[in-house]
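For reference, the chains in residue letters:
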Amino acid sequence: MDLAAGTSLACRAAQDASSPRLRRAFVATAVVTFTLLLHVTFPNLGGTGLRMPHNAAIWVGAGVMMAIALWPASRGVIRYSTFHQGLGLLLVALWLPLLWTWNEASLIALPRLLTVTAGVLLLLGLAQLQLTRRHEWWLGMAILAGVLLETALGYAQHFLLEPGNWLGYDPSRGRPYGIFQQVNVMASFLVTGLVVSAWLLGEARNSRLERGVILLAPLLVPALVLVSQSRTGWLAALIAVPLVLLHLWQLDRARFRAWAGTLLVGILLAALVWWAPWAETSSATKAIATPGARLPVYLHSLRMIAEEPLMGWGYGRFQHDFLHSFADWRAALPINQPEIVDPIITATFAHPHNELLYWGIEGGVLPLLALLGAAGWVAWRVWVHGPRGERLLLTALLLPLALHSMTELPFYHSLGHWLAFVLLLGIVAGRCWPTRARDNRYTFGIKVGSVVTPLVLVLFMGSHLHTLWQVKTHLESGGERAGTFTSIVNPFGMAMMLDFQIMAQQLNAAAGLGMPDAVADYLRWAETHAQLAPSPALYANMLRAERVLGTAPESSALAQRAQRLFPGAAVIESALASNASAATLAAEKSDSGSR
């Protein structure tokens, strides 16, 4: 009986291994995702997650890739390794804090948890496909193609676009941000492409076309990384590029000379772009010299973890609890007695700009230690059990995005970053962990999920893009165009932001028509909203609402709270001015919850 079972398993495994069409479809979907879907955009509010059109589009491609990757497991055999078992334990550790931290803000964390879960499923799916090194190479080419298109867009922004362009890019910034609308996110993506190009060149065939396309990255990317003036991007490049240079030196001296020589030309081009007479780098140099708010944010994040190390502050609570906790700590400083003279942080933070701190604050030590353990385990596996001659390369492939996640929130700004990281991690895992096969009885659920998931994502994300377009139309009309919000069919992708928009519009209308009851309703709604996502724009509108009701906001308890939470915020000061009007839509971009 055991022999028969083993024979059956072996036959099914052999049958599944001969599915080149699935592998080709997976690679083709990756190419479409990084070349087309990554670049779906139109004027928007900026920010993170589904506020960005390209993230909604990439979800469609990622859903199709998950479905294709997991489909082989519906044939009765599932492949996995200890890496995937470890991922399962990590996933449990990340979800468990919901049991003891559930609160009115927990739904804010749900998209994050679902995205991590989707990443784990895609990693499991990669094991089912049994990709050859050539298929992995083509996945790298898909990522590189996206990087090269971003490079072209970055050069267009830096040299060609004029003020008032349809992308909304301000050429006076002098720091191109591509599709991502954030320079550090652009920089880490470019550096990742630079590292990927070294890997691809090392495994490329003797084809001039292949090598020519690959060498575009070391030729063109360095200049954009330099002018982006991203300290995170620079640091990632300074660490990762020497690693891949050493890898190519050990692998093939001719390919090393080709890549290093092209990189040298690219560095010279970067110097020309930076020091050219027409270049304007003074404002950007000033931005580099500005220390920013990271250090005080990190220090206070550690204080919060020390206050609630076991249970955490609760999933979804960061934006509210960090703001209030920091305000309490700041107010207690001797320098701020009797009034605040050193606000230190004036922006609203929905994330501490460090992924480990984020999970540690909201979930406590369990998710924090789980993430640290997983990262250490992967690093140990690469350096102890990774293929000889590839350990430097495998480390460099993961380094730029992993490093960026410790200084900002790239995986929230761009799902393309998350997808690229998952694919690269899957390739690394495939080379460092041996897989084994076993019978899988749960084939029906995989079949249904593989069919339903892409359909649901297409419908949800397609209708969400329509929602983003309606919001754009609403803002461009200054809230004057009727029916923009009533035609929305899917508010779920950005429900809190839509609530803010709609309630601000209603406050304007109520103030103009002299409807004090409606204004009072706004204040009640705003107090509830402030318990989830406080922001200067929200408090400014609350102060204006108080003025409409006849209360002098300058001396109200609400004004004192607003100034305590957001000292020096221009929109708060404007709302406190005696000639301040009712709520406007201009401040709504400040309510993005991401910095």
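For clarity, every value in this text was computed on a predicted model and none was experimentally measured. Residue positions are counted from 1 within each chain, in the order its sequence is given. The model is predicted, so local features are restricted to residues of pLDDT at least 70 and side-chain atom pairs to those at 80 or more, both for listing and for counting; the totals for chains, interfaces and linings are taken over all residues. Values shown for side chains rest on all heavy atoms present in the structure; no hydrogens or waters enter the calculation.

Visitor: Even after reading the chapter, I still don't get a nonpolar patch on the surface, so can you show me in this structure?
Guide: Think of a patch as exposed residues, more than 30% relative accessible area, with no salt bridge, where like charges cluster within 9 Å and nonpolar side chains (Val, Leu, Ile, Met, Phe, Trp, Tyr) cluster within 5 Å. Areas reported here follow the Shrake-Rupley algorithm with a probe of radius 1.4 Å; residue values treat only the protein chains shown as occluding. We count a salt bridge whenever a side-chain nitrogen from Lys or Arg sits within 4 Å of a carboxyl oxygen from Asp or Glu. On the surface, V92, L96, L99, W100, L310, M311 and L366 cluster together to form a nonpolar patch covering roughly 660 Å² of accessible area. Note on conventions: DSSP H or I runs of at least 4 residues are helices, E runs of at least 2 residues are strands, and numbering of each starts at the N terminus. Residue placement: M311 occurs in the loop between α14 (294–307) and α15 (318–331).

Visitor: Just to check I follow, could you spell out the packing of helix α6 (residues 110–129) against helix α20 (residues 415–432) for this structure?
Guide: Helix packing geometry: the angle between the two helix axes and the distance between the axes. As a packed pair, α6 and α20 sit with axes 9 Å apart at the nearest point and diverge in direction by 35°. For α6 against α20, the interelement crossing comes out right-handed. Contact residues: α6 offers T115, V116, G119, L122, L123 and L126, while α20 offers L415, W418, L419, V422, L423, L425 and G426. Residues are grouped as follows: Ala, Val, Leu, Ile, Met, Phe, Trp, Tyr, Cys and Pro are nonpolar; Asp, Glu, Lys and Arg are charged; all remaining types, including Gly, are polar. Along the lines of polarity and charge, the residues of the contact of α6 with α20 split into 10 nonpolar, 3 polar and no charged. Working convention: axes come from line fits to C-alpha atoms, limited for helices to the stretch in contact. Angles between N-to-C directions cover 0 to 180 degrees. Rotating anticlockwise by less than a right angle from the far helix to the near helix defines a left-handed crossing, while the corresponding clockwise rotation defines a right-handed one. Here a residue-residue contact requires only that any non-hydrogen atoms of the pair lie within 4.5 Å.

Visitor: Honestly, the packing of helix α4 (residues 82–95) against helix α17 (residues 365–385) in this entry has me stumped. Any pointers?
Guide: It is at 8 Å that the axes of α4 and α17 come closest, and there the two elements cross at 165°. The angle between the axes of α4 and α17 places the two elements in the roughly antiparallel class. In this structure, α4 meets α17 at a crossing whose hand is left-handed. Note on element contacts: α17 touches α4 through L366, P367, A370, L371, A374, W377 and V378, opposite T82, F83, G86, L90, A93 and L94. In the contact of α4 with α17, the residues fall into 11 nonpolar, 2 polar and no charged. Geometric relationships in this document are graded by angle, where less than 35 degrees denotes roughly parallel, more than 145 denotes roughly antiparallel, 65 to 115 denotes roughly perpendicular, and other angles denote oblique.

Visitor: I'm lost on the pattern of salt bridges in this one. Help?
Guide: It is possible for side chains of opposite charge to pair when their charged atoms get near one another. On inspection of all chains with the given rule, the structure shows 15 salt bridges. Here R255 and D252 are joined by a salt bridge, their closest N and O atoms 3.7 Å apart. In this structure R255 comes out as buried when scored by relative accessible area, which is 11%. Between K472 and E476 there is a salt bridge, with its nearest N and O atoms 3.0 Å apart. Linking K472 with E476, this pair stays in helix α21 (residues 443–476), spanning 4 residues, or about one helical turn. Buried means the residue's accessible area, taken with a 1.4 Å probe over protein chains only, is under 20% of the maximum for its type, while exposed means over 50%, and partly exposed covers the values in between. The exposed category is assigned to E476, whose relative accessible area is 55%.

Visitor: Explanation requested: the side chain of N184 in the structure shown.
Guide: As for its position among the elements, N184 is in helix α8 (residues 183–203). Taking relative accessible area as the criterion, N184 reaches 10% and is therefore assigned buried. Residue contacts for N184: discarding those within four places in its chain leaves S230, R231, R294, H404 and E408.

Visitor: Any chance you could explain the environment of D321 here in plain terms?
Guide: Following the sequence through the fold, D321 ends up in helix α15. Taking the C-alpha atoms as reference points, D321 and I361, separated by 40 residues in sequence, lie 9.6 Å from one another. The residues contacting D321, other than those within four sequence positions of it, are M304 and W313. Counting of polar contacts relies on pairs of N or O atoms within 3.5 Å, with two restrictions inside protein: one atom must be capable of donating a hydrogen and the other of accepting it, and residues adjacent in sequence are counted only when both atoms are side-chain atoms. Separated by 2.8 Å, the side chains of D321 and H320 make a polar contact.

Visitor: Would you mind showing me how to read α14 here?
Guide: Think of an α-helix as 3.6 residues a turn; residues three or four steps apart then line up on the same face. Between its terminal C-alpha atoms α14 stretches 20 Å, which fits the 20 Å expected from 14 residues at 1.5 Å a residue. Taken residue by residue, α14 has P296, V297, Y298, H300, S301, M304 and I305 as its buried positions. Residues of α14 that are buried make contact with α15 and α16 (355–363). Expected span of a helix, by definition, is 1.5 Å for each gap between consecutive residues, and there is one gap fewer than residues.

Visitor: Looking at this model, I keep getting lost on the environment of L161. Mind explaining?
Guide: Structurally, L161 can be placed in the loop between α7 (133–159) and α8. Linking L161 and L333, residues 172 residues apart in sequence, is a C-alpha distance of 47 Å. Leaving out residues up to four positions away in the same chain, L161 has contacts with A156, L167, Y169 and P171.

Visitor: Just checking my understanding: could you explain the packing of aromatic side chains for this structure?
Guide: For any pair of aromatic rings, geometry is given as the distance between the ring centres together with the angle between the planes. A pair of aromatic rings is counted whenever rings of Phe, Tyr or Trp (Trp by its six-membered ring) have centres within 6.5 Å, and the orientation is called stacked for planes under 30 degrees apart, edge-to-face for over 60 and tilted otherwise. Enumeration over the complete set of coordinates arrives at 20 aromatic pairs. Here the aromatic rings of W249 and F256 are separated by 5.0 Å at their centres, their planes lie at 85°, and the arrangement is edge-to-face. The rings of F318, F322, F326, W329, F349, Y358 and Y412 are connected pair by pair, giving a single aromatic cluster. A positively charged side chain is recorded as over a ring if its NZ (Lys) or CZ (Arg) lies within 6 Å of the ring centre. The angle to the ring normal must also be within 35 degrees. One cation-aromatic arrangement involves R112 over Y315; the distance from NZ or CZ to the ring centre is 5.4 Å. Positioned over the ring face of W359 is R112, at 4.3 Å from the centre of the ring.

Visitor: How should I be thinking about the nonpolar core in this particular structure?
Guide: What we call a nonpolar core is a set of buried Ala, Val, Leu, Ile, Met, Phe, Trp, Tyr and Cys residues that are connected through their side-chain atoms within 4.5 Å. Counting 127 residues, the largest nonpolar core has F26, L122 and W259 as its most contacted members. In terms of residues, this core owes the most to one element, α20, which gives 13 residues. Ignoring anything within four residues of it in the chain, the contact list for L122 reads F26, M65, M66, A69, L419, V422 and L423. Core analysis: the next-biggest nonpolar cluster, separate from the first, contains 28 residues, L565, F566, A569 and A575 among them.

Visitor: Whenever I open this one, the confidence of the model for the chain confuses me. Can you help?
Guide: Do not read the fine detail of predicted coordinates wherever pLDDT is low. In this model, the chain carries a mean pLDDT of 89, and residues with pLDDT of at least 70 account for 91%. Every residue is assigned a pLDDT by the predictor, reflecting its confidence on a scale from 0 to 100. Every residue in residues 14–18 is under pLDDT 50, and counting partners more than four places away or in other chains gives 8 contacts.

Visitor: What should I look at first to understand the side chain of T262 in this one?
Guide: Tracing the backbone through its elements, the reader meets T262 in helix α12 (residues 253–275). T262 gets classed as buried once you look at its relative accessible area, which sits at 16%. Among the polar contacts listed, one links the side chain of T262 to the backbone oxygen of A258, at a separation of 2.7 Å. If near-sequence neighbours (up to four positions away) are discounted, T262 is found in contact with L215, P218 and L219.

Visitor: Help me understand the pairing of strand β1 (residues 77–80) in this model?
Guide: Residues in a regular strand point their side chains to alternate faces of the sheet. Going residue by residue along β1, you find V77 and R79 tucked away on one face and I78 and Y80 tucked away on the opposite face as well. The pairing of β1 with strand β2 (residues 436–439) spans 4 bridges and is antiparallel. Its bridge partner being in β2, V77 is matched across the sheet by D439. In this description, strands pair whenever DSSP reports at least two bridges between them.

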